[in-house]
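What follows is each chain in one-letter form.
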Amino acid sequence: MSLSLPSVVLVTGTGTEVGKTITTAALVAVIRARGTEPCVVKVAQTGVAADEDGDLQTVCRLAGEVPTAEFVRLPDPLAPDTAARRAGVSIPPIAVHARRIGELAEDHPIVLVEGSGGLLVRLDERGGTLADLGTALRYKGVSAGVLLVASAGLGTLNSAALTAEALKARGLPLIGVIIGDWPADPGLAEQCNVEDLPRVTGSRLLGRIPMGAGALPTQEFVASAPSWLDFA
């Protein structure tokens, strides 16, 4: 049976630099191959100046142009609430983000929302997180679920299990797990994690994004993405 995605897919990670953006680009390619045009949202882009390319530009470079929306941009490479405090600016609360994403979901069949870091990183000054965003969307009647991008090596099982537990406590569905940085020559830990990640999270392993995928040209990336992700 083909995997059915909700209207809003929240893409989170077991930490930073685990491949969320490259995975989001691969999701765009796979969703398009299934005949659907998604929209991609970055709630809070940090660590990027106003005139620099951010994560959404990387998604478009790899997967081709796609409708996008970036809500907040802050220069320091920190959690959004910390970066906003250092910049002396106010950022919108989760409720505002949920409303905007709900509006996008009315115009697009699937909205991919890339978070910042892990599930409980604070996205606003009130302590609201990506988990709170998912809860707010579901409260508004918008179907939403979470895709977890995990690192391949040691330490990922604990972070993945904690994320799955936090989602379960909030009644948010974990759609599946994707390894975002699969090495060309995996060691023992990486090989064992392929079996153990589904066990500790209680969810399917949906694929592995090879290291270096972010350097591929668009045509090769789009053609290869379906082989990395298994939605069947």
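Residues numbered from 1 in each chain as written. Predicted model: local features only at pLDDT ≥ 70, side-chain atom pairs only at ≥ 80, totals over all residues. Heavy atoms only, no water.

## A short note on the overall build of the protein chain
Regarding its fold elements, the protein chain presents 8 helices and 7 strands. Here the C-alpha radius of gyration of the protein chain, 16 Å, is about what a compact globule of 232 residues would show, namely 17 Å. Projecting the C-alpha coordinates of the protein chain onto the three principal axes gives extents of approximately 45 × 35 × 35 Å. Looking at the 232 residues of the protein chain, the share that counts as buried comes to 55%. Restricting the contact set of the protein chain to residue pairs at least 6 apart, pairs at least 24 apart contribute 79%. Counting only carbon and sulfur atoms, one obtains 50% of the accessible surface of the protein chain, whose full area is about 10,400 Å². Averaged over its 19 positive side-chain charges, the protein chain has a centre that lies 6 Å from the centre of its 25 negative ones. (Helix = DSSP H or I, 4+ residues; strand = E, 2+ residues; numbered from the N terminus. Rg over C-alpha atoms; globule rule 2.2 N^0.38 Å. Buried < 20%, exposed > 50% of the residue type's maximum accessible area, 1.4 Å probe, protein only. Contact = heavy atoms within 4.5 Å. Areas by Shrake-Rupley, 256 points an atom, 1.4 Å probe, with all protein chains shown as cover. Lys, Arg positive; Asp, Glu negative; His and termini not counted. Charge placed at Lys NZ, Arg CZ, Asp CG, Glu CD.)

## Points about helix H4 (residues 94-107)
Given a rise of 1.5 Å per residue, 14 residues ought to cover 20 Å, and the 20 Å separating the end C-alpha atoms of H4 matches this to within 8%. Buried within H4 we find Ile-94, His-97, Ala-98, Ile-101, Gly-102, Leu-104 and Ala-105. Relative to the axis of H4, the buried residues are bounded by an arc of 160° and lie together on one face. Turned more than 90 degrees away from the buried face of H4 sit Ala-95, Glu-106 and Asp-107, all of them exposed. (Expected span 1.5 Å × (residues − 1). Arc of directions from axis to C-beta.)

## So, the pattern of salt bridges
For the structure on display, the rule yields 6 salt bridges. For Asp-76, the salt bridge is made with Arg-86, and the minimal N-O distance between the two is 2.8 Å. Taken as a pair, Asp-76 in the loop between strand E3 (68-74) and helix H3 (80-87) and Arg-86 in helix H3 lie far apart in primary sequence, 10 residues in all. With relative accessibility at 21%, the residue Asp-76 sits in the partly exposed group. One continuous salt-bridge network, built from bridges that share partners, spans Lys-42, Asp-55 and Glu-114. (Salt bridge = Lys/Arg side-chain N within 4 Å of Asp/Glu carboxyl O.)

## Focus on the nonpolar core
Formed by 42 residues in total, the largest nonpolar core has its most connected members in Val-8, Val-41, Ile-101, Val-111, Val-113, Leu-133 and Leu-137. If one sorts the elements of this core by residue count, H4 sits on top with 5 residues. Setting aside chain neighbours within four positions, we find Ile-101 in contact with Val-8, Val-41, Val-43, Phe-71, Val-111, Val-113, Leu-133 and Leu-137. Formed by 35 residues, the second largest nonpolar core is a distinct cluster that contains Ala-29, Val-30, Val-59 and Leu-147. (Core = buried A, V, L, I, M, F, W, Y, C linked by side-chain atoms within 4.5 Å.)

## Re helix H8 (residues 218-228)
Those residues of H8 that sit buried are Phe-221, Ser-224, Ala-225 and Trp-228. Seen from one end, H8 has its buried residues packed into an arc of 125°, which puts them on one side. In H8, the exposed positions angled more than 90 degrees off the buried face are occupied by Gln-219, Ala-223 and Ser-227. Contacts from the buried residues of H8 go to helix H1 (20-33), helix H2 (55-63) and strand E7 (205-210).

## Re the packing of aromatic side chains
Describing an aromatic ring pair means giving the distance of the ring centres and the angle of the ring planes. In this structure the tally under the stated criterion is 1 aromatic pair. A cation over a ring is seen here: Arg-208 above Trp-182, with NZ or CZ 4.8 Å from the ring centre. (Phe/Tyr/Trp six-rings, centres within 6.5 Å; stacked < 30°, edge-to-face > 60°. Lys NZ or Arg CZ within 6 Å of the ring centre and 35° of its normal.)

## What about the packing of H1 against H8?
The contact between H1 and H8 brings their axes to 8 Å, and the two run at 95°. Accordingly, the angle class assigned to the pair H1 and H8 is roughly perpendicular. For the pair H1 and H8, the contacting residues are Ile-22, Ala-25, Ala-26, Ala-29 and Val-30 in the first and Phe-221, Val-222, Ala-225, Pro-226 and Trp-228 in the second. Along the lines of polarity and charge, the residues of the contact of H1 with H8 split into 10 nonpolar, no polar and no charged. (Axes fitted to C-alpha atoms, helices over the stretch in contact; angles between N-to-C directions. Parallel < 35°, antiparallel > 145°, perpendicular 65-115°, else oblique. Nonpolar A, V, L, I, M, F, W, Y, C, P; charged D, E, K, R; others polar.)

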